[in-house]
Amino acid sequence: MRKTQIQAFLVFLISLQISFAQQPQKPNSVEIYNQIRKLNFLGSVLYIAAHPDDENTRLISYLSNEVNARTGYLSLTRGDGGQNLIGSQLRELLGVIRTQELIEARKIDGGEQFFSRANDFGYSKNPDETLKIWDKDKVLADVIWTIRKFQPDVIINRFDHRSPGTTHGHHTSSAMLSVESFDLTNNTKIYPEQLKYVTPWQVKRQFFNTSWWFYGSQEKFDAANKSKFTTLQTGVYYSGIGKSNQEIAALSRSRHQSQGFGSTGSRGDESEYLELINGETPQNRNDLFDGIDTSWNRVKNGKSIGELISKIIANYNFSNPSASIPDLVKAYSMIQDLEDTHWKDIKSDAIKNIIASSSGLYLEAVAEEQEATPGNTIKLNLEAINRCSIEMQLTGLTSLPDNITTIKKSFILKNNIDQRLKLEIQLPDTIEYTQPYWLKEKASVGMYTVSNQENIGLPDIIREVKVIFNVRINGVDIPFERTVVYKYNDGVKGEMYNFLDIVPEVTSSILEKVLIFKDNKSKMIPVKVRAGKDAVKGNLQLELPKNWIVSPKQIPFSLDKKGMEQTFYFEVIPPSNPEEAIAKSIVIIDDQRFDKDETIIDFGHITKQMVLKPAESKFLKIDLKTTGDTIGYVMGAGDEVPESLAQMGYKVIILKPEEITPEKLDSFNVVITGIRAYNTVNALANKQSILFDFVKRGKTMIVQYNTNGKLITDKIAPYPLKISNDRVTEENAKITFLAPNHPVLNTPNKISTKDFEGWTQEQGLYYPDQYDRAFTPIISSHDKGESSKDGALLIAPYGKGYYIYTGLSFFRELPEGVSGAYRLLSNIISLKQPIEAPKQELKP
């Protein structure tokens, strides 16, 4: 019975989150029963790794849903430095997406999510580099803060702290910091400033979650001595609904859509192996919590609560969950008397949800509009309905953040009689805008800044506008908190939910995030203004350094309705000499300065996000010569290179794979494939001969980086070429020109090592390490302590044209306005008149 009930609960969560993440949960009686069972387990596990998608969802699901442990995942970063398979968002915007993907994954596998302030700055080859770029002391403080706050009995590390240099430096660093924290979290002299909010805590034992990956192969792992490992049989099968724990874990992992980690569930026996790193060895090697009291007896005066909950479980009526309410309310009251605030808070929230679910108590606060500005009054529609025979009273409503309690009279919540109420909330002038809190303050390459200690580690946006429904049940007053939402009906999808967002009165956006001035001619710069409320009137300004001439100085505007947008134009004349400048779009309303640009991230698998960033753009006056080529661009995983090419003056046309025909290609001089096109666009496999013929006729084909796994064809080039894992992560690594006289370094722009200054995150990735002698390697560089990597830019004549393969990270550098990247790409595009191709021979 137990496994069936747990599995049914999981299926409910899965179907709920896949539909619409913001919709309120409405569990059935089996799911409620499982939640009550979890009330009686007082044990916690914290899983620690470096990135979103590092976590072992099979183990998290098993611990949360089979063991009933409170299970958390601490990802030290939000995955900002990865690639994006579903859009063009990179860096902090990708971090926002991956944060939400983790939150959705935890909704499926039952875990909780936490983060540190560490910024994923990109691939790192060793922990020394990682901990230097991160502020090691601050990240260690965040690990200790999370442990003190979560109070795990057990910690499990995803990675091995003893093997630096064998994997991503972030990976090893996460394990090293976790191990270092073990003897520090209970020391009052370590980060004593935290003890204003949390208490010291000693973890009982710490494990390393080993697997075949750390042994190099499944065969080696199978042959290894596992007698000293703690072994958990996680291949649980729930016969009631026909799903395995692995299938649940696969659904959780498949939330990482931006990383292309869709997973297929497996079935059958499966084990997880844990190597003890710190603490006492469990006598029972199949039980993480062996010797740890996980009953209510661990809490002072908790024994009677455990006995009462056991009684509720034993007498639970699946046909009438509300029959448990009198005892649940009694248990709630007993929990309120506990001295242990940690378990009191956790179990209070849990039992309130169970009481609401058991009674069919539905409480909701819906804003009439999805956006509001500080100082405004918002109108809410409230709903309260009790759907059981136990009488309840709605005795008060408390609105947050103003903390005003108001209700003219108490309402009897009779069985199945819906109560609809109106409520107005005056928002404070000081209320924070809705945005990821970790992006509010200026960050460094390695760290986000979060000044408020209590916010560190929180997974999601902090939403301040809430309503507390004060409900009296069996003489006990219970507060039920509901975050204010916005909902509407979609003609196709039905009921749709979003959260209420607090927005600025006005936002503005310079429509081009990088603008290139190749000469002294002026350009008209479009700036869009958007109203966050009705009747917005002010002046728009474009701020630039004094040697950039802007006209007019300001533009008056008036927008009548909230959500209205209007685009205005400034004429900008650049300085005569090469220069980089940051342009700022500023709106002045009644002497108040508004300088935010609103970005909306809206994908179906995550909650819609609003990100507010400075309304800025990078203006480049550079010595850039280009040809007038028309470029066909085949999108891959998603990048903003086409926009950058247009800025350079090229005519760019996006080519769909089905449009790649000899006739269509005749209109182009150059075809460029986007990043990871040969990993993600299956149709390209059948277009290679057409593309190679295009080159043979005297045209140019440029292929940007692909990973070496899951290529859709092994013939991505007209000559033999093998992609490796080679990369240069030090963006300022010294460049050596291997073919200094090659046209690509000389025409139409003279390229020097200065053109590789100011690159961001990395020079390049997934360089070929074996290629035909037809290819000429152009540049060489390497990270400290490594051999030279020569495969960053490979050029081969083929027929009358050129084929170019490059792992250089143009997809990062161009949107960041790196001048040298523009100049080098222009030369690649401009290649003409190749020499005769030499004979094919594979170069080691």
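Residue positions are given per chain, counted from 1 along the sequence in the order it is written. Predicted model: local features are reported for residues with pLDDT of at least 70 only, side-chain atom pairs are reported and counted for 80 or more only, and whole-chain, interface and lining totals are derived from all residues. Note: side-chain values were computed over all heavy atoms of the structure, leaving out hydrogens and water.

Undergrad: What is the right way to look at the overall build of the chain in this model?
TA: Scanning the chain from terminus to terminus reveals 18 helices and 45 strands. Counting only C-alpha atoms, the chain reaches 90 × 75 × 55 Å along its principal axes. The buried share of the chain, reckoned over its 844 residues, is 58%. For the chain, long-range pairs separated by at least 24 residues make up 75% of all intrachain contacts whose partners lie at least 6 apart in sequence. For the chain, the exposed area adds up to about 34,800 Å²; of that, 47% sits on carbon and sulfur atoms. Taking the average place of the 100 positive charges on the side chains of the chain and the average place of its 103 negative ones, the gap between the two points comes to 1 Å. Every helix listed is a DSSP run of H or I at least four residues long, and every strand listed is a run of E at least two residues long, numbered separately from the N terminus. The classification of residues rests on relative accessible area computed with a 1.4 Å probe and restricted to protein chains. Under 20% of the type maximum is buried, over 50% is exposed, and intermediate values are partly exposed. Any pair of residues with heavy atoms lying within 4.5 Å of one another is described as a contacting pair. Surface accessibility follows the Shrake-Rupley procedure with a 1.4 Å probe radius. Residue values consider only the protein chains on display as shielding. Charged residues are defined narrowly, with Lys and Arg counted positive, Asp and Glu counted negative, and His plus the chain ends left uncounted. Charge positions come from single atoms, namely NZ of Lys, CZ of Arg, CG of Asp or CD of Glu.

Undergrad: Got a minute to help me understand the environment of Pro768 in this structure?
TA: Relative to the helices and strands, Pro768 is located in strand E40 (residues 764-772). Put simply, Pro768 and Ile660 are 108 residues apart on the chain and 26 Å apart in space, counted from C-alpha to C-alpha. Discounting residues that sit within four places of it in the chain, Pro768 has contacts with Leu721, Lys722, Ile723, Ser724, Gly791, Leu794 and Tyr805.

Undergrad: Explain the packing of aromatic side chains to me, please; I cannot follow it from the model alone.
TA: Aromatic contacts are taken between Phe, Tyr and Trp rings whose centres are within 6.5 Å, Trp giving its six-membered ring; a plane angle under 30 degrees counts as stacked, one over 60 as edge-to-face, and the others as tilted. With the rule as written, the count across this model stands at 30 aromatic pairs. Plain terms: the ring middles of Phe229 and Tyr273 are 6.4 Å apart, the flat faces sit at 55 degrees to each other, and that makes the pair tilted. One end of the pair, Phe229, is in the loop between helix H8 (218-223) and strand E6 (230-233); the other, Tyr273, is in strand E9 (residues 271-279), with 44 residues separating them in the sequence. In terms of burial, Phe229 and Tyr273 fall into one category: buried. Where Tyr705 meets Tyr766, the ring centres are 6.0 Å apart and the plane angle is 10 degrees; that geometry is what we call stacked.

Undergrad: Where do I start with the sheet that holds strand E28 (residues 565-573) in this structure?
TA: A sheet is described by the order of its strands in space; here four strands give the open sequence E22-E24-E28-E26, paired in antiparallel fashion. Each edge of the open sheet is held by one strand with a lone partner, namely strand E22 (506-510) and strand E26 (549-551). Put simply, the sheet's adjacent strands are angled 30 degrees from each other on average, direction ignored. Where E22 meets strand E24 (residues 523-531), five bridges bridge the pair, whose relative direction is antiparallel. Within E24, the position partnered with Ser508 by the bridge is Val529. When DSSP locates at least two bridges between a pair of strands, those strands are taken to pair. Fitted lines through C-alpha atoms serve as axes, helices being fitted only where they are in contact, and the angles separating the N-to-C directions of these axes extend from 0 to 180 degrees.

Undergrad: Sorry, what's going on with the sheet that holds strand E1 (residues 44-49) here?
TA: The strands making up a sheet associate through backbone hydrogen bonding, with each pair oriented either parallel or antiparallel. Spatially, seven strands are ordered E3-E2-E1-E4-E5-E9-E6 in an open sheet, and the strand pairing comes out mixed. Two strands in the sheet have a free side with no partner beyond their single neighbour: strand E3 (112-115) and E6. The average undirected angle you get between the axes of adjacent strands in this sheet is 30 degrees. As judged from the six bridges shared by strand E5 (residues 205-210) and E9, these two strands associate in the antiparallel manner.

Undergrad: Sorry, what's going on with unusual backbone geometry here?
TA: Keep in mind that most residues, glycine aside, have a negative phi and that most peptide bonds are trans. That bond from Ser551 to Pro552 is cis: its omega, -5 degrees, falls within 30 degrees of zero. Looking at the secondary structure, you find Pro552 in the loop between E26 and strand E27 (555-559). Its identity is not glycine, yet Asn301 carries a phi of approximately 65 degrees, on the positive side. Residue placement: Asn301 occurs in the loop between E9 and helix H10 (303-314). Classification of Asn301 by relative accessible area gives exposed; the value is 57%. Here Asn403, not a glycine, exhibits a phi torsion of approximately 60 degrees, which is positive.

Undergrad: Just checking my understanding: could you explain the packing of helix H13 (residues 641-648) against helix H18 (residues 819-829) for this structure?
TA: The description of two helices packed together rests on the angle between their axes and the distance between the axes. H18 packs onto H13 with a crossing angle of 85 degrees between their chain directions and a minimal axis gap of 11 Å. As summarised for this structure, H13 and H18 are arranged roughly perpendicular, according to the angle between their axes. Along the contact surface, H13 presents Ser644, Leu645 and Met648, while H18 presents Tyr822, Leu825, Ser826 and Ile829. For this scheme, ten residues count as nonpolar: Ala, Val, Leu, Ile, Met, Phe, Trp, Tyr, Cys and Pro. Four count as charged, namely Asp, Glu, Lys and Arg, and the remainder, Gly too, count as polar. Split by residue class, the contact of H13 with H18 holds five nonpolar, two polar and no charged. Here the word oblique covers every angle except those under 35 degrees (roughly parallel), over 145 (roughly antiparallel) and from 65 to 115 (roughly perpendicular).

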